[in-house]
Protein chains: 2
Amino acid sequence: MTTKEATYTYALRLGDDALILGHRLSELCSRGPILEEDLALTNISLDMIGRAQALLKYAADTENNGNTEDDIAYRRAENHYYNHLLVEQPNGDFAHTIARQLLISVFEYLFYTELEKSRDENLSAIAKKVTKEVKYHMQHAIDWTIRLGDGTNESHKRMQTAINDMWMYSGELFEMDEVDQYLFREGVAVDLIPLKAHWQNRIQTVLTKATLVTPEDGYMQTGSKKGVHSENLGHILSEMQYLQRSYPDAKW
Amino acid sequence: MTTKEATYTYALRLGDDALILGHRLSELCSRGPILEEDLALTNISLDMIGRAQALLKYAADTENNGNTEDDIAYRRAENHYYNHLLVEQPNGDFAHTIARQLLISVFEYLFYTELEKSRDENLSAIAKKVTKEVKYHMQHAIDWTIRLGDGTNESHKRMQTAINDMWMYSGELFEMDEVDQYLFREGVAVDLIPLKAHWQNRIQTVLTKATLVTPEDGYMQTGSKKGVHSENLGHILSEMQYLQRSYPDAKW
């Protein structure tokens, strides 16, 4: 493995998380029932698409075989997408959307804060921008988790169910494979092992404040770093790639 | 008719245009095939939802019977929505989306520039913000119309078809009913009659530059000011109101 190859994969994985989550959130645009919340989720979705564009462009530049970030975003087969399983999970009811946002945004805040120190100047520059954005996403998710968890009986029950349902997708966030390890030794990638304790602390603090129970770490889903996905990704891609497939190579 | 009643209806109509078009554009979020275009359309959608929020809040404040802008946005029956038929038309292929954007954004730019002079301070303040945003929407639509019209044979053909298909919804933009006339006499509303010639000039200039033919004014669809809509609105509302109907009065 060369640094170039590893960096390509690393940028692709981060870009795919942003691309797929951005798509999931965009499914909620204008779905109400609160205009203010429409604006918030659409804004988060917009940040995600912008982040995907920056990271996939860096992947394309690194690969340097003539593909653009758009080719990379829209033209791969399902088993060549490397987003975490968590971000491809369906929006479900609003509590599920918020639970997904809570688990991923606390992770991303900690992750990108570390990535700012990367020796790779491009990744470091992207990380600095992302950290600012994701701080807001995290606050949004925390506020809603507390509001719903510490709300009515019904909202409490739904929020707890949502956290329980999403939990088994959280273990994967901290897996390090050979790409992570290689780039960590090069001073490029983030060490995910110490991140896990920070993440658990923060999540537990929020859940306690929300009068919710932190689930035990039981069976955890895994596979995304090898391109193995739940059936959800297929549905997302068939929507995302619809235009590209209908008009292959349309130059307009 | 009192000024208050007329102002409520006027704000509602303008808010509905933004709400419904914002929804239509949000359907395209993350549908590719170009990330840059995703960002552009999502940004325009976001402007629209923000505008809807401001105008429907003003309508709610004017009505002053306890309804919020969210109640107004999501809880009316279909025949109480007053958006123009143009904005509820389906996205179709990308050329149709752009044709709809061209016809409406040139209209809105001219309209809101005039509305800045309204004696109603709330409408004038909203108009000043909208004019800045819609100038960008208009430029985006003009650029794409020229790029597609003066592009390949295929893109030219599609763009001409799209303009032809959308044309019959443009006449309604300039209709004045008793609400418009009453508020125009009060110095609140925009006179739509002189606007038509300006609009036609601008549109013709763009279409000529795009090597496209400006359609003749033939049969024009009408009805929205009376709440009469094409079947498209029903589909939009069933999506928009889904959450509200599934969890009536959910307080979370």
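Here the structure is a predicted model, which is why all the values come from computation and not from measurement.

Parameters and conventions
Residues numbered from 1 in each chain as written. Chains lettered and ligands numbered in written order. Predicted model: local features only at pLDDT ≥ 70, side-chain atom pairs only at ≥ 80, totals over all residues. Heavy atoms only, no water. Helix = DSSP H or I, 4+ residues; strand = E, 2+ residues; numbered from the N terminus. Buried < 20%, exposed > 50% of the residue type's maximum accessible area, 1.4 Å probe, protein only. pLDDT = per-residue confidence, 0-100. Contact = heavy atoms within 4.5 Å. Buried area = accessible area lost by both parts, 1.4 Å probe. Salt bridge = Lys/Arg side-chain N within 4 Å of Asp/Glu carboxyl O. Polar contact = N/O pair within 3.5 Å; in protein donor to acceptor, adjacent residues only side chain to side chain. Nonpolar A, V, L, I, M, F, W, Y, C, P; charged D, E, K, R; others polar. 1 Å grid on protein atoms, 1.4 Å probe; cavity = no way out; pocket = protein on both sides within 12 Å on 5 of 7 lines; lining within 4 Å. Points joined across faces, edges and corners; volume = space filled by probe spheres on them. Least-squares fit on C-alpha atoms with pLDDT ≥ 70 in both. Axes fitted to C-alpha atoms, helices over the stretch in contact; angles between N-to-C directions. Parallel < 35°, antiparallel > 145°, perpendicular 65-115°, else oblique. Left-handed = near helix turned anticlockwise from the far one by under 90°. Expected span 1.5 Å × (residues − 1). Phe/Tyr/Trp six-rings, centres within 6.5 Å; stacked < 30°, edge-to-face > 60°.

The helix and strand inventory of chain A stands at 11 helices and zero strands. Written out in order from the N terminus, the α and β elements of chain A read α-α-α-α-α-α-α-α-α-α-α. C-alpha atoms of chain A, sized along the principal axes, occupy 55 × 45 × 30 Å. Looking at chain A as a whole, 60% of its 252 residues qualify as buried.

Residues at a pLDDT of 70 or more form 95% of chain A, whose mean pLDDT is 93. The ipTM value of the predicted complex is 0.82, and its pTM value is 0.88.

Taken residue by residue, the interface counts 37 residues in chain A and 37 residues in chain B. The contact between chain A and chain B buries some 3,600 Å² in all, and 65% of this surface belongs to carbon and sulfur atoms. Put simply, chain A and chain B have zero salt bridges between them. Across the contact surface, chain A and chain B share six residue pairs in polar contact (both at pLDDT 80 or more). Elements with a minimum of two residues in the side of chain A that touches chain B: helix H1 (3-26), helix H2 (35-63), helix H3 (69-74), helix H5 (94-115), helix H6 (121-149), helix H7 (153-167), helix H10 (231-240) and helix H11 (242-246) of chain A. Of the residues contributing to the side of chain A that touches chain B, the split by class is 18 nonpolar, 11 polar and eight charged.

Our next topic: the side chain of Asp180 of chain B. Residues and elements named next belong to chain B. Position of Asp180 relative to the elements: it lies in helix H8 (residues 178-185). Look at Asp180 and you get buried, because its relative accessible area is 3%. Side-chain polar atoms of Asp180 contact the side chain of Arg13, separated by 3.4 Å. Here Asp180 is in contact with Tyr10, Arg13, Glu175, Ala189, Leu192 and Lys225, once residues within four sequence places are set aside.

Moving on, we get to empty space enclosed by the protein. Residue and element names in this part refer to chain B. All told, the structure shown has three cavities of 30 Å³ or more when counted by the stated rule. The volume enclosed by the largest cavity comes to roughly 170 Å³. Along the walls of the largest cavity sit 16 residues, with Arg13, Leu14, Asp17, His84 and Phe111 positioned nearest its centre. Elements with a minimum of two residues in the lining of the largest cavity: helix H1 (3-26) and helix H5 (94-115).

Turning chain A through 180° and shifting it by 0.0 Å along the axis lays it on chain B, with an RMSD of 0.0 Å. One copy is carried onto the other by what is essentially a two-fold rotation axis. When the interface residues of chain A are mapped onto chain B, 100% of them are again interface residues, pointing to one common binding face.

Okay, the packing of H1 of chain A against H2 of chain A next. Residues and elements named next belong to chain A. Contact pair H1 / H2: the axes reach a minimum separation of 7 Å and the direction vectors enclose 160°. One element, H1, and the other, H2, form an angle in the roughly antiparallel class. H2 is crossed by H1, and the crossing has left-handed handedness. Broken down by class, the residue content of the contact of H1 with H2 amounts to 16 nonpolar, six polar and four charged.

Right, let's get into the packing of helix H2 (residues 35-63) of chain B against H5 of chain B. All names here are of chain B. In the contact formed by H2 and H5, the axes pass within 14 Å of each other and the chain directions differ by 40°. With respect to their mutual orientation, H2 and H5 come out oblique. Seen along the crossing, H2 lies across H5 with a hand that is left-handed. Between H2 and H5, the contacting residues are Glu37, Leu41, Ile44, Met48, Arg51 and Leu55 on the first element and Phe94, Gln101, Glu108 and Tyr112 on the second. In the contact of H2 with H5, the residues fall into six nonpolar, one polar and three charged.

Before going further, it helps to spend a moment on the pattern of salt bridges. Applying the stated criterion across every chain, the model contains 28 salt bridges over all chains. Note that Asp180 of chain A is salt-bridged to Lys225 of chain A, the shortest N-O span being 2.7 Å. One end of the pair, Asp180 of chain A, is in helix H8 (residues 178-185); the other, Lys225 of chain A, is in the loop between helix H9 (192-209) and H10, and 45 residues separate them in sequence. Residue Asp180 of chain A shares its accessibility class with Lys225 of chain A, and that shared class is buried. Here Arg76 of chain B makes a salt bridge to Asp16 of chain B, at a shortest N to O gap of 2.7 Å. With a gap of 60 residues between them, Arg76 of chain B in the loop between helix H3 (69-74) and helix H4 (85-88) and Asp16 of chain B in helix H1 connect regions that are remote in the sequence. Grouping residues by exposure puts Arg76 of chain B and Asp16 of chain B together as buried.

Turning next to H5 of chain A. Residues spaced three or four apart along an α-helix face the same direction, because each turn holds 3.6 residues. Between its first and last C-alpha atoms H5 of chain A spans 30 Å; for 22 residues at 1.5 Å apiece the expected length is 32 Å, and the two agree. For H5 of chain A, the tally of buried residues reaches 20 of 22 residues, placing the bulk of the element in the interior.

Further remarks concern unusual backbone geometry. Residues and elements named next belong to chain A. Despite not being glycine, Asn64 shows a phi value in the positive range, around 55°. Structurally, Asn64 is set in the loop between H2 and H3. If you check the backbone angles, Thr211 has positive phi at about 55° while not being a glycine. You can call Thr211 partly exposed: its relative accessible area is 42%.

With that settled, consider the packing of aromatic side chains. Residue and element names in this part refer to chain A. This structure, assessed with the given rule, holds 12 aromatic pairs over all chains. Taking 5.5 Å as the distance between ring centres and 85° as the angle between the ring planes, the aromatic pair formed by Phe107 and Phe174 counts as edge-to-face. With Phe107 in helix H5 and Phe174 in the loop between H7 and H8, this pair connects stretches of sequence that are 67 residues apart. Exposure remark for Phe174: the relative accessible area of 6% places this residue in the buried category. One aromatic cluster in this structure is built from Phe107, Phe111, Tyr112, Trp167, Phe174 and Trp199.

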